Amino acid sequence: MSLRKRLAFALGLIVLVIASGTFGYVILEGWSVFDALYMTVITITTVGFKEVHELSPQGKVFTVVLVFTSVGAVFYALNFAARIIIEGEFKDVFGRKKLQNAIKKLRGHYIVCGYGRMGRIVCDELKRRGRPFVVIEKSPVSEPPADLLLLAGDATQDEVLKEAGIENAAGLITVLPTDAENLYVVLSARGLAPTLNIVARAVGEGSEQKLLRAGANKAVSPYHIGGLRIAHMLIAPTMVDFIEFTTHGENIDIWMEEIPVAEDAKIAGQSLDQCGIGRELGIIIVAIKSRKGQLQINPASRSVIGPGDTLVAIGEASKLKTLKAMAGKREA
């Protein structure tokens, strides 16, 4: 039973006892509702005031029955309600502390601002990819997943972003309902973390440039992307199928991944042919992005992988995991 239902039960029990006593005095003694209510209250609270009117024999019997049946029930209900309130407050404080401790342990996580329809899709994808993340949402969320790190607060506030661990985050996604809110989040986040990768949702036309000027690395318009996707489904359905095949991966083992190359990685300074990425792992390198931002599409086998580069690769999930290990920092 939820906290609200348990509290309603306790209060309902009190109301039932008072209503029963009031109704009994009205029927047995013929008193007014106000006098009957007053007599019921002073009886069940044992304050000891004098009776409103002289009681008839049946009225005295009813009072005895009311005392024995209602006093204990009322005090039980009041005690029950007090325990529920204290327990709820304790859970809120304890739960907040537990959440804060969990967030403090995170490194390289993502912060998702907004848990609406789009925010849930973003979170589902991050979870599917095994990426740690924290959600900031100011509106109450009904029945959130048990393992969701959900921080109640306003993402436009610096204190809330700090509480979400923005200093240790790898990126931030803001998908709040309005451009103004997303703009505030971008400004706050950029001020707190100058090198943070920030992706913002653009709601209105022309708002992408404003978000970019505010500090977002990328600004995405869902309506623009959705329109292009629908058009591509008609014009180039095979291409769309390929993209879905390599990026969604619900029932397949072929994925497209973005793999950063560490400074002292095993494959740094070697060509694609020397690494044996395609020959031994069967992985296709679609593009190489240098640390300066230059993008090399469909690189040749003689293309050299530099430290700090980012590889866009397609292959089996297990083989991509092997490539990540080759591109990662060497153990001392």
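On a predicted model such as this, the values are computed, not experimentally measured, just so you know.

Draft legend 1. Region of interest: helix α12 (residues 317-327). Taken residue by residue, α12 has Leu320, Leu323, Met326 and Ala327 as its buried positions. Each buried residue of α12 lies within a common arc of 110° when the element is viewed along its axis, so the set occupies one face. Away from its buried face by more than 90 degrees, α12 exposes Lys321 and Ala325. Tucked inside the fold, the buried residues of α12 contact β7 (254-260), α10 (272-275), α11 (277-281), β8 (284-289) and β10 (310-316).

Draft legend 2. Up close: the sheet that holds strand β1 (residues 110-113). As summarised here, the arrangement of the 6 strands in space is β3-β2-β1-β4-β5-β6, forming an open sheet in which the pairing is parallel. Both outer strands of the open sheet, β3 (150-152) and β6 (218-220), are each paired with one neighbouring strand and no more. The sheet shows a mean angle of 20° between the axes of neighbouring strands, direction not considered. Here strand β2 (residues 133-137) runs beside β3; their pairing, made up of 3 bridges, is parallel. Directly across from valine 135, in β3, lies its bridge partner leucine 150. Of the strands in this sheet, β1, β4 (171-174) and β5 (197-201) are in contact with helix α6 (residues 179-192), which crosses β5 at around 170°. With respect to the sheet, helix α7 (residues 207-214) is in contact with β5 and β6, its orientation differing from that of β6 by roughly 155°.

Conventions and cut-offs
- Residues numbered from 1 in each chain as written.
- Predicted model: local features only at pLDDT ≥ 70, side-chain atom pairs only at ≥ 80, totals over all residues.
- Heavy atoms only, no water.
- Buried < 20%, exposed > 50% of the residue type's maximum accessible area, 1.4 Å probe, protein only.
- Helix = DSSP H or I, 4+ residues; strand = E, 2+ residues; numbered from the N terminus.
- Arc of directions from axis to C-beta.
- Contact = heavy atoms within 4.5 Å.
- Pairing = 2+ DSSP bridges.
- Axes fitted to C-alpha atoms, helices over the stretch in contact; angles between N-to-C directions.

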